[in-house]
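Coordinate inspection notes
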Amino acid sequence: MTRGARPTIFCALLAALVIAALLPASQAAAAPSPAGRWVGEVDTPDGKKAQIYLDLEDKSGSWSGSLEDPLQGTAALSDLKVSATAVKFRYQPAGAPFGLDFSGSYVAGEDRLSGTFSMQGDSRTVTFKRVSRPAEAVAIKGAGMRVGTAAVDTTKAAVRTKHPYRLAVTGRLGWWASLHSVKDETYTINNLTAAAPGMDAAIKLYPLDGMAVFVRGVRAGQNVTDDAALREPFERNGLTADSYLSLDGIEFGMAGYLGRKLMPNSHFNPYLTGGVGRYKWAMTTAGRGTVPVEIEQVPVEGTDIGGWFGAGTEYALGGKLALDFECSWRFFLTRDTKVWRNSESTWGNTLALALSAGVTYGF
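Just so it is clear, the model here is predicted, and its values are computed rather than measured.

**Considering empty space enclosed by the protein**
- Counted by the stated rule, this structure contains two cavities of 30 Å³ or more.
- Taken as a whole, the largest cavity spans an internal volume of roughly 80 Å³.
- Going through the elements one at a time, β12 (167-179), β14 (196-208), β15 (211-224), β16 (244-257), β17 (268-284) and β21 (321-332) are the ones with two or more residues in the lining of the largest cavity.
- The element contributing the most residues to the lining of the largest cavity is β14, with three residues.

**Here's the deal with the sheet that holds strand β4 (residues 73-76)**
- In spatial order, the strands read β4-β3-β2-β1-β9-β8-β7-β6-β5; together these nine strands make up an open sheet with antiparallel pairing. Single-partner strands in this sheet number two, and they are β4 and β5 (78-82). Here the average twist between neighbouring strands, direction ignored, is 20°.
- Judged from the seven bridges that link them, strand β2 (residues 49-59) and strand β3 (residues 62-69) form a sheet pairing that is antiparallel. When the sheet's bridge partners are listed, Tyr53 is paired in β3 with Glu68.

**Remarks on the nonpolar core**
- Counting 30 residues, the largest nonpolar core has Trp176, Leu239, Trp281, Met283, Val300 and Trp347 as the members making the most contacts within it.
- Among the secondary structure elements, those contributing two or more residues to this core are β12, β15, β16, β17 and β22 (350-362).
- In contact with Trp347, other than residues within four places in its own chain, are Thr188, Ile189, Asn190, Leu245, Trp281, Met283, Ile295, Val300, Thr334, Arg335 and Trp340.

Criteria and cut-off values
Position numbers for residues start from 1 in each chain and track the written sequence from start to end. For this predicted model, a pLDDT threshold of at least 70 governs which residues receive local features, and a threshold of 80 or more governs which side-chain atom pairs are given and counted, while totals over whole chains, interfaces and linings are taken from all residues. Only heavy atoms go into the side-chain values, all of them from the structure, while hydrogens and water stay out. With a 1 Å grid laid over protein atoms only, a set of points is called a cavity when a 1.4 Å probe fits there but cannot get out and a pocket when it is open yet has protein on both sides within 12 Å along at least five of seven lines; lining residues have an atom within 4 Å of a point. Grid points are joined across faces, edges and corners, and a volume is the space filled by probe spheres set on the points. Strands are runs of DSSP state E lasting at least two residues, helices are runs of H or I lasting at least four, and both sets are numbered from the N terminus onward. In short, DSSP must find at least two bridges between two strands for them to pair. The axes are straight lines fitted to the C-alpha atoms, using for helices just the contacting stretch, and the angles between their N-to-C directions are given from 0 to 180°. In this description, a nonpolar core means a group of buried Ala, Val, Leu, Ile, Met, Phe, Trp, Tyr and Cys residues linked to one another through side-chain atoms lying within 4.5 Å. Buried means the residue's accessible area, taken with a 1.4 Å probe over protein chains only, is under 20% of the maximum for its type, while exposed means over 50%, and partly exposed covers the values in between. Any two residues whose heavy atoms approach within 4.5 Å are treated as being in contact.

Structure (structure tokens):
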């Protein structure tokens, strides 16, 4: 099948998204290992927040460290194991009947340390932010190790980790407004569409804190105008006020997040997004699932590619939960002059402006 003009601007957008996603991470790549002083936030028994400090030191491959808890005190770490990507240790202050086991991961490209404390079946996830680097450490008498100084690298400490997880799911509801391109008041059926609701769900993978790739299922479409005078030329094709253009498909896309550069300590995380999809579509006579309208006695339905680009923002509600708002321009290559040979004035490509809102949950 032949298609309409291919949107070359879409390829340039994907390249721009990759650059935007990688730029925020470049500043964080300066730390080659988890050595240094870190701060994390935990919930106290009275429901308040408290900060804990983790110090890690590497002496020619021999690691030592300590953890400072405002409630239980400071203690040296035991069973400490550190690699380029993982940190494990046991923390048991003097007099404590039980110890806490920590198992976490270190992402050098983002200078991020996160993991889970566990004790007797209970677990708690903590994300640490860097406070100082090994060069800032000084000896503390009687401690038997080196810990970070009181001087804090406030620039690094202020940067909020936007995605303290690698995998997430997103569910959204949307309102797909119609976009029309009319020349000399000559209408095709595609110019008679009207706004309709839609929905989508995605599985997202975050290779970087500033980038996500995802696969998404979409169930949406377009209604038809209530203007009987505009519909009248196409009534012989079966078009009615109840007609519906279904646009259901599977999409593959990516998002480049700008929050680490634009607003590093904010709950907001704006992003640019784009992608491509394959859609099964049909312009029906009386609603979704009914008989399609016809052009030249051939049903107006098919399976074709499409895509989108747009912008949006997340708003973090917690470590794993975020709201998602997006506005995107969508196109669907539904035109086909081989199947409908004389359809230039009857049927073409389809455009829409999708406004979406939903929730993302990270694992």
